[in-house]
Amino acid sequence: MAVNAKKIAVYLLVVFVLYLIITDPAKAADYVQIVFEGISDAARAIGDFMTWAANGGK
């Protein structure tokens, strides 16, 4: 039952994303930019932490 619910959720998400892209491409591009900026910021924070840890926490 849980697998079916997961498939339905993924299907609905894909449909929503396609609807958003078709109806308002500029807004969809803004959302993609926000997501990639978030991923970039997270990767930068992890890199800063690893550098800090490699330097002995100084």
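Before any of the text, the structure's been laid out above.
To keep things clear, this report deals only with the structure shown in the data block. Here the structure is a predicted model, which is why all the values come from computation and not from measurement.

Okay, the packing of aromatic side chains next. Enumeration over the complete set of coordinates arrives at one aromatic pair. Judged by centre distance (5.7 Å) and plane angle (35°), the ring pair of F49 and W52 falls under tilted. With F49 and W52 both in helix α2 (residues 25-54), this residue pair falls three residues apart, about one helical turn.

The relative placement of two packed helices is expressed as an angle between their axes plus a distance between the axes. Interaxial distance between helix α1 (residues 2-23) and α2 falls to 5 Å at its minimum, and their mutual angle equals 125°. Taken as axis vectors, α1 and α2 run oblique relative to one another. Of α2, the residues touching α1 (which contributes L20, I21, I22 and T23) are P25, K27, A28 and Y31. Among the residues making up the contact of α1 with α2, the classes are represented as six nonpolar, one polar and one charged.

On to the environment of V32. Assignment of secondary structure puts V32 in helix α2. Taking C-alpha positions, V32 is 19 Å from Y11, a pair spaced 21 residues apart along the chain.

Turning to α2, a few remarks are in order. Under the 1.5 Å per step criterion, the end-to-end length of α2 is 43 Å for 30 residues, consistent within 8% with the ideal 44 Å. Just downstream of α2, G56 is the residue with a positive phi angle, here 80°.

The subject of this paragraph is α1. The end-to-end C-alpha separation of α1 is 31 Å, in line with the 32 Å expected for 22 residues at 1.5 Å each. Sparse coverage of α1 is indicated by the burial of one of its 22 residues.

Rules and cut-offs
- Residues numbered from 1 in each chain as written.
- Predicted model: local features only at pLDDT ≥ 70, side-chain atom pairs only at ≥ 80, totals over all residues.
- Heavy atoms only, no water.
- Phe/Tyr/Trp six-rings, centres within 6.5 Å; stacked < 30°, edge-to-face > 60°.
- Helix = DSSP H or I, 4+ residues; strand = E, 2+ residues; numbered from the N terminus.
- Axes fitted to C-alpha atoms, helices over the stretch in contact; angles between N-to-C directions.
- Parallel < 35°, antiparallel > 145°, perpendicular 65-115°, else oblique.
- Contact = heavy atoms within 4.5 Å.
- Nonpolar A, V, L, I, M, F, W, Y, C, P; charged D, E, K, R; others polar.
- Expected span 1.5 Å × (residues − 1).
- Buried < 20%, exposed > 50% of the residue type's maximum accessible area, 1.4 Å probe, protein only.

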